[in-house]
Amino acid sequence: MKGRLAAALLLMVAAPLAAQQSVRGPIVSWSYTVEAGDTFASIAKRWGVDMAVLGAANGIPSPYVIRIGQVLRRPETKGGRETPVAKPAPRPAPSPRPAPTPRASLAPRESDAPRMQWPTEGAIVSRFGDLRGGIPSNGIDLAALYGTKVRAAAAGTVIYAGNEPQRFGQLILIDHGSGFVTAYAYLGSMTVKEGQVVTARERIALVGKSGEVKSPTVHFELRRNNIPRNPELYLPPRL
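Residues numbered from 1 in each chain as written. Predicted model: local features only at pLDDT ≥ 70, side-chain atom pairs only at ≥ 80, totals over all residues. Heavy atoms only, no water.

1. Examining the overall build of the chain
Then step 1. Counting secondary structure elements, the chain contains four helices and 14 strands.
Then step 2. Here the chain, with 239 residues, has 44% of them falling under the buried criterion.
Then step 3. In the chain, the share of contacts with a sequence separation of at least 24, taken over all contacts with a separation of at least 6, comes to 62%.
Then step 4. When the accessible surface of the chain is split by element, carbon and sulfur atoms take 58% of a total near 12300 Å². (Helix = DSSP H or I, 4+ residues; strand = E, 2+ residues; numbered from the N terminus. Buried < 20%, exposed > 50% of the residue type's maximum accessible area, 1.4 Å probe, protein only. Contact = heavy atoms within 4.5 Å. Areas by Shrake-Rupley, 256 points an atom, 1.4 Å probe, with all protein chains shown as cover.)

2. A closer look at the environment of Ala200
Then step 1. Mapped onto the secondary structure, Ala200 falls in the loop between strand 11 (197-198) and strand 12 (203-206).
Then step 2. C-alpha separation for the pair Ala200 and Ala153, spaced 47 residues apart in sequence, amounts to 5.8 Å.
Then step 3. Contacts of Ala200, omitting those with residues within four sequence positions, involve Ala152, Ala154 and Ala155.

3. Quick word on the nonpolar core
Then step 1. Within the largest apolar cluster, 27 residues are counted, with the highest numbers of intra-cluster contacts made by Val150, Ile172, Ile174, Tyr184 and Ile204.
Then step 2. Listing elements by their share of this core, those giving two or more residues are strand 6 (140-143), strand 8 (156-164), strand 9 (169-177), strand 10 (180-187), strand 12 and strand 13 (217-224). (Core = buried A, V, L, I, M, F, W, Y, C linked by side-chain atoms within 4.5 Å.)

Remember, this is a structural readout, not a statement about activity or role.
Written as structure tokens, this is what we have:
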């Protein structure tokens, strides 16, 4: 179970493998914004601090789930136990952060993308890029009624169906090929299993309430090679 959950968290929050393997220098600033390719472990190493200490300083418990755009602060040193890899002297004043580059997910819809359908009925209550707790959302949220069917947005294979206790609750990930994966979170009961091949519009779950939400909601994400895409660019228009 732990291995499956780790794989799900990797798909939800990590960057492409090629980016993760790139070598980056030490972080000398006192705050850092998570970028594509970062992992919690790599950030802690570049700061020269323990993962547990960095997690405690930022209110992030194990398994240390982070998201692109999240701002972390380096723990204050105590008795020299934690020291940065490269300690500036004197401590520089924070420099203005340049304007962020456009997110790759805002690029036009790829011609080889699968034909997507809406995963469930309901109004959009949160859009791609909307801030939630100061962090841009990687998907959209749909408010729906209890028991409403949640359907596969396109044909594919279920690669995860289980519980993610930190935020997303009941979570399903479907691989559609060519690097495209959809995620369905905050679910009620799930009606598919890992390894199951599903067709487009096939029921995979029922709307409920799990994870961090307070009312029945479906969180829907689309990623390619683990880079978030704006789902509304791939979904048909609603009348």
